[in-house]
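As a plain string of letters, each chain reads:
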Amino acid sequence: MEKNNRVSNRQLQALIITTSIGVGILSLPSSVADIMGNTGWLAILLGGLAILPFIYIMNKLGEMYRGKIFYDYGKEVVGNIIFKIFSSIYLIYFLVLLAFIVRVFGEVIKAFLLDNTPLEVIIFTMLLATSYIGRSNIEAISRMALIILPIIIIITIVFILFSIPTLDFTNLLPVFQINIKDIPRGMSTVFFSYVGFEIILIALAYIEDSENALKCSFNGIFYTTIIYLVTFLITIGQLGIHELKKQIWPSLSIMSEVELPGFFIENIDGMLMAAWVLIVFATMGPAIYTGGVILSSLFDTKKHDFFVLPMIPIIMGLSLIPESLSQVYSTMGNIVKYLAVFSIVIAPTIIFIVALFKERKSL
Amino acid sequence: MENNIPIQKKLDENMKTIKEIFIDCDDVVYREFKVGVKQNFSLAIIFIDGLIDQDMVSDFALRPLLEASRYLEPNPITIKDNLYNLIKDGNISASEIKEVETIDEALEAILVGETALLIDGYKKIIILSSRGWEKRSIEEPQTETLIRGPRDGFTENLKTNTVLIRRRIKDPSLKIKMIQVGKRTRTDVAVLYVDDIVNEDLLNEVKKRLEDIEVDSVLDSAILEELIEDNYISPFPQTENTERPDSVSASLLEGRIALIVDNTPFVLILPATLGTLMQSSEDYYTRWTIASIARIIRYIAGFVAVLAPGLYIAITAFHPGLLPTRLAFYLASTRINVPFPAVVEAFSMELTIEFLREAGTRLSGPIGTTIGIVGGLIIGQAAVEAGIVSPLMIIIVAVTTVASFTLPSYEFAAGLRFYRFVIMICASLLGLYGIMLGLIFMGTHLVKLNSYGIPFTTPFSGIGMATGDLKDIIVRLPIIRLKYRPDFTFPKDKKRNK
Amino acid sequence: MKKYLMIVFIILITTLLTGCWDVVEINERIFVTAIGIDLNEDPNVEGEYLMTYVYPNIASIKENSSQKEAKFVKMTVVKSPFYGSRQLTTRLDKPLYFKHTKVIVIGEDLLKEPDKIKEIFDGLGRDPRINRKVKIIVAQGKAKDILNVKTEQELVIGGYLNSMLQNKKVSARFTEQNFSDLIKDLQISKVSTAPRAVPKKDEFKLSGAAILKDYKLIGWLGEMENSFLALSKGEVVSDIINTYYEDTIISYIISNNIANKNVYLDKDNINVDINIYTEGYLQEYKYEEDTNAFDEEFLQTVENRLENEIEENLGKIIDMFQNKYRSDALGIGEHISKFHPRVWKDIGGNWEEIFPTININVNADVKVRRTGLTK
């Protein structure tokens, strides 16, 4: 009733986990192994730690401006004009991010499930499906996240259990054969996989229990890191370091190697693909919602749902620009990385510092 | 009957007014008496034959009145006072007696089954409570039978129904408020709640919605349901309905609100969530291990009911790689000479089952069951032997139908049925990916649904997870462990046993 | 609002109903269960590879089927292996489906050309339709001969070859190898083995293995050699070793096999200890009144004999690998690379030269736990 539009702590945690685990999880083991070899797990751990300060900043900002979303109080802090520029950059970031995600998603589906269906159809239908939830409010999105989370966790556990017999942990050796200089490069690759949790900039405004919000956010990142670590360990255990470097999507190739005793379902890759659709949806839904909210704050409207549908053709157009998958990862991937740095690191930090000054001034 | 026609002093005028309004209502009975020493003073009673308890009116109200007023002065006030005295002294045992000042109220009273007593020269009409009519006796509810548990079910009579609840909750905090809805039908609705458990906001919201109703007729609780629920477009119900008083009582004690509607044995319970729609009172009357297993099976059945035909289409037509090799080959062999693609097979068999289901509903009793068996068996068998349909399809369709009947709530199963078709269509277009899209769509819809302000997917999506509501949703832990009321109703009093 | 919805609806309908692109009825597919690749020897036909596809006759699976053929075999000559499925569309009425392919048989002559093998392996790795755990078999001779054999008891389902490969539970005379492991071994130690299939008149044998080095076939392993090699890797599930006691053959069945390696350096050289541990029971001795196999001393002697047997035979095999083939099929290089990375950094580049010079000792520890039902 009056508890409407509130996000509970569990939901916040679930939001962080489900939005971060997106397209990154497919290629992460391979890209990090490319740079850091067997010790890739170190980069994953450090990457997770590196995210924490920014989560802290976002939480603190949420605390200072309780009840207002980032895109509203940002105007107060740095002034309307500058913030409109910030918002526009955010908007472009989300549009490109969504285009990237949906393109990779479409390619994966085409490779593993639907060979002959045109890419455009896959992309369009996915965008339509996510636009439905993009048009609702943050409460629906958090509920959805909380429902999808157990599915992801169960799939991970199933994944682990069935891979264990054929895993060869000696593949992790030798450890620590790396150049210290490679660590930052490894971390930056990992950082990109955590992208997606910017939704908390909006969700924190509706949080129910503000005292524990910070702890839950940290927990969210913690679990995400664990899931990434596990994925890395399993893929390297199954494939060995050489093969791992060669695979584009090692996490998926692994699935086809799992042999279920009892033979009820032989190729679990089908099941994993189904869960994969949910995982990507959990990342895209909040992203398209945020895009709509940004547009609504830019144009000063009350509701954001009007803006969601028009975004679809833009995102679709963007996603079809790169001509090949490698171009997607290289060109588009780099653009997303830079924009992500802006949206997670630069903008919140600037706003935080300026907000702190303002507070000091008014004291 | 909009106007507030005042009551005239003269009996004849009033009688004329009333007879004009009730013209052509031949079941209205008018009886006039003369009382008083000189028999020159008129009284009249008006009632509708069949709606009143004849004995009560003639024996308990009229006779003492007539006897006592033989000796009275022809003074309306005296007569009226006398009447009240008679009641005070206990000669008339009418349990309710009141006065009304407009013709409308009198007419309303007559229509409800009370008797109007007009006294010549007196400007008010006296209403005697006299309701009594033919009603069904209490029987076992037909739609919800249990192996173990009480066998009394609600009837169409509001009073009987409220009594069934009163007998179970002997607590003064059980409140029963009466409201009337529907301009012409003036259906009585009783709002039941336990005052020190229920949440105020919820109660006020419900009351407001009831008061906002502006329709002609509310003939059944289903119509009421549609008028007050959050989203009537959705295929899923947001209000539970039941014929069982024990379900209602248990729900009231959880902080929910019950609406008993006159003339229907189906009582509404709100708010309803996904978790509660999957609960059945039988779970509490059997041992907890069995009940927990039964609940888990219900959830699995729910998934099967929605996904099975879609999965069949997706896997055979799009991704046979998902099947174990032997099964794939076997399936292929069974479909060799089948002329239709899997999609057509699936849709036509589903359609046939829907026909059977509808036919079964129309025909009740022995004919209905026979049709079910005959139809199912023979059509299925013949189809397989003719080679039109593959046997696996028949099995899937049959299992799906049976699975959807395991769900306690018929309306919820109907909602799932709707989505089953949606998912079949999605599966035929885009295979497994299509199914996932369909599920996403359904999931989003469920997640956005609210039941009187409470999120529909509640036990699974936030409220209550922290306090362990799942203990009573997915499994059923022993009663001792269920110390707290579920969270989703935001009850005032959380602890169940003190 | 309503108009809006209508427009969305129309867009939906037009997009989605334009076709179900991927729908193929399950009985309209050809499930290829085995693929064979050979070099094409017929100069009249253009193309370098001879591809053989085996698929079951679906109609014969039904219970009262009158079909006698359990499987079909189709061959075609192509320029590149993955063109085969396309070329066959000129002769088959249904599309080929590879998700249930279990076995790939490679012809011996093809393995003499490493470049072609590299092409094939690359293609297999890239193709999402072929499972990475598909089993690889090397044919002594031509792959098509193996696949064309009409075995008497034709098990269509899963394929005869696949079922045979699962027989490793009974013997270690061949060790199955799948594509993913093959690639892994070839990359790390440059050497790998794959089971060898030998065609005979009405059947074929899976015996021993083919030794592959640098994507080339360099030799064969006999059945016994294969089984000892498997012992050294701890891969034996069940096998028999025979030895002599006085002049009777004693058969010992291995039920459990663990092996590990120990690498240590002294100033001149690298030394490797291969420790093999087996558990098993006695199967056959000699039936006489006074024989007592239940006696501890007797068992000790038997165990010693068996240990010698293993050490000698394995020694011969190691010798062969070190000197004749100069290839590390035992996985020693891999072990060093993981457990002694600094050493590997120095010698890894020259492993092919260094391997023949290292000292390899075999220590076998045999335990006879049981003697069956009789003493």
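Residues numbered from 1 in each chain as written. Chains lettered and ligands numbered in written order. Predicted model: local features only at pLDDT ≥ 70, side-chain atom pairs only at ≥ 80, totals over all residues. Heavy atoms only, no water.

## A few points about the overall build of chain A
So, point 1. Along its length, chain A carries 14 helices and zero strands.
So, point 2. Each helix and strand of chain A, placed in order from N terminus to C terminus, yields the pattern α-α-α-α-α-α-α-α-α-α-α-α-α-α.
So, point 3. Relative to the 2.2 N^0.38 estimate, which gives 21 Å for 363 residues, the radius of gyration of chain A is 20 Å and therefore close to what a compact globule would have.
So, point 4. Summarising its shape, the C-alpha atoms of chain A cover approximately 60 × 45 × 40 Å along the three principal directions.
So, point 5. Here chain A holds 363 residues, and 63% of them are scored as buried.
So, point 6. In chain A, the proportion of contacts linking residues at least 24 apart, taken out of those at least 6 apart, comes to 83%. (Helix = DSSP H or I, 4+ residues; strand = E, 2+ residues; numbered from the N terminus. Rg over C-alpha atoms; globule rule 2.2 N^0.38 Å. Buried < 20%, exposed > 50% of the residue type's maximum accessible area, 1.4 Å probe, protein only. Contact = heavy atoms within 4.5 Å.)

## Concerning the interface of chain A and chain C
So, point 1. Listed by partner, the interface residues are 33 residues for chain A and 27 residues for chain C.
So, point 2. Of the roughly 2,600 Å² buried at the junction of chain A and chain C (both faces included), carbon and sulfur atoms supply 52%.
So, point 3. The tally of links between chain A and chain C comes to one residue pair in polar contact (both at pLDDT 80 or more).
So, point 4. Put simply, the parts of the chain that give the side of chain A that touches chain C at least two residues each are α5 (80-112), α6 (119-134) and α10 (213-246) of chain A.
So, point 5. Top contributing element to the side of chain A that touches chain C by residue count: α10(A), with six residues.
So, point 6. For the side of chain A that touches chain C, a count of residues per class yields eleven nonpolar, 14 polar and eight charged. (Buried area = accessible area lost by both parts, 1.4 Å probe. Polar contact = N/O pair within 3.5 Å; in protein donor to acceptor, adjacent residues only side chain to side chain. Nonpolar A, V, L, I, M, F, W, Y, C, P; charged D, E, K, R; others polar.)

## Quick look at the pattern of salt bridges
Opposite charge on two side chains makes pairing possible when the charged atoms of those side chains draw close.
So, point 1. In the structure shown here, the tally under the stated rule is 29 salt bridges over all chains.
So, point 2. A salt bridge links B:Glu354 to B:Arg417, with the nearest nitrogen and oxygen atoms 3.0 Å apart. A residue pair is termed long-range when its members are at least 10 positions apart, and B:Glu354 in helix α13 (residues 342-362) and B:Arg417 in helix α16 (residues 410-448) qualify at 63 residues.
So, point 3. Accessibility expressed as a relative area gives 14% for B:Glu354, which makes it buried.
So, point 4. On the basis of relative accessibility, which here comes to 15%, the residue B:Arg417 falls in the buried class.
So, point 5. Residue C:Lys112 is joined to C:Glu108 by a salt bridge in which the shortest nitrogen-to-oxygen separation is 4.0 Å.
So, point 6. Looking at C:Lys112, the relative accessible area reads 49%, which means it is partly exposed.
So, point 7. Given a relative accessible area of 18%, C:Glu108 falls into the buried group. (Salt bridge = Lys/Arg side-chain N within 4 Å of Asp/Glu carboxyl O.)

## Looking at the interface of chain B and chain A
So, point 1. Listed as interface residues are 36 residues of chain B and, on the opposing side, 36 residues of chain A.
So, point 2. Taken over both partners, the interface formed by chain B and chain A buries close to 3,000 Å², and the fraction arising from carbon and sulfur atoms is 72%.
So, point 3. Of all residues in chain B, B:Tyr433, B:Ile440 and B:Val447 bury the most surface against chain A, accounting for 22% of the area lost on that side.
So, point 4. For the interface between chain B and chain A, the tally reads zero salt bridges.
So, point 5. When residues of the side of chain B that touches chain A are traced back to their parent elements, those giving at least two are α6 (200-211), α16 and β12 (454-455) of chain B.
So, point 6. At twelve residues, α16(B) tops the list of elements feeding residues into the side of chain B that touches chain A.
So, point 7. Of the residues in the side of chain B that touches chain A, the class split is 22 nonpolar, twelve polar and two charged.

## A short note on a nonpolar patch on the surface
So, point 1. Together, A:Ile153, A:Ile157, A:Leu161 and A:Ile164 make up a nonpolar patch on the protein surface, roughly 350 Å² of accessible area in all.
So, point 2. Here A:Ile164 lies in the loop between α7 (138-163) and α8 (182-193). (Patch = residues over 30% accessible without salt bridge, like charges linked within 9 Å, V, L, I, M, F, W, Y side chains within 5 Å. Areas by Shrake-Rupley, 256 points an atom, 1.4 Å probe, with all protein chains shown as cover.)

## Focus: unusual backbone geometry
So, point 1. In this structure, B:Pro271 follows B:Leu270 across a cis peptide bond, with omega equal to -5°.
So, point 2. Positionally, B:Pro271 belongs in the loop between β10 (267-270) and α9 (274-277).
So, point 3. Phi at C:Tyr215 is positive, roughly 65°, even though this residue is not glycine.
So, point 4. Mapped onto the fold, C:Tyr215 is located in the loop between β9 (204-213) and β10 (216-221).
So, point 5. Residue classification places C:Tyr215 among the buried positions, given a relative accessible area of 17%.

## Brief notes about the pairing of strand β6 (residues 103-107) of chain C
All names here are of chain C.
So, point 1. Among the five residues of β6, five are classified as buried, and the element is accordingly described as predominantly covered.
So, point 2. Side chains of β6 alternate between two faces, with Val103, Val105 and Gly107 and Ile104 and Ile106 buried alike.
So, point 3. As judged from the four bridges shared by strand β2 (residues 34-39) and β6, these two strands associate in the parallel manner. In the strand pairing of β6, isoleucine 37 is matched with isoleucine 106.
So, point 4. In this view, the connection linking β6 to its parallel neighbour strand β7 (residues 135-139) by way of helix α3 (residues 114-126) has right-handed handedness. (Pairing = 2+ DSSP bridges. Right-handed = clockwise from strand over helix to strand, strands pointing away.)

## Remarks on the UniProt feature "transmembrane region" (unreviewed entry) in chain B
So, point 1. The UniProt record marks residues 296-318, 363-382, 388-407 and 419-442 of chain B with the feature "transmembrane region" (unreviewed entry), using the residue numbering of this structure.
So, point 2. Secondary structure within residues 419-442 of chain B divides into 100% helix and 0% strand; the distance between the first and last C-alpha atoms comes to 7 Å. (UniProt positions renumbered as here; feature names shortened; annotations may be inferred.)

## Section: helix α5 (residues 158-166) of chain B
So, point 1. For α5(B), every residue scored as buried is listed here: B:Leu158, B:Thr160, B:Asn161, B:Thr162, B:Leu164 and B:Ile165.
So, point 2. Looking at the buried side of α5(B), the elements it contacts are β6 (174-181), β7 (187-194), α8 (245-253) and β9 (257-261) of chain B.

## Focus on the sheet that holds strand β14 (residues 359-370) of chain C
All names here are of chain C.
So, point 1. Taken in spatial order, the four strands of this open sheet run β11-β12-β13-β14, and their pairing is mixed. Because the sheet does not close on itself, it has two edges, and the strands there are β11 (239-245) and β14. Each adjacent strand pair in this sheet contributes to an overall mean axis angle of 40°, direction not counted.
So, point 2. Across 14 bridges, the pairing between strand β12 (residues 248-265) and strand β13 (residues 270-284) is antiparallel. Counted as the bridge partner of asparagine 260 is asparagine 275 from β13.
So, point 3. Running at roughly 150° to β14, helix α8 (residues 296-325) makes contact with β11, β12, β13 and β14 of the sheet. (Axes fitted to C-alpha atoms, helices over the stretch in contact; angles between N-to-C directions.)

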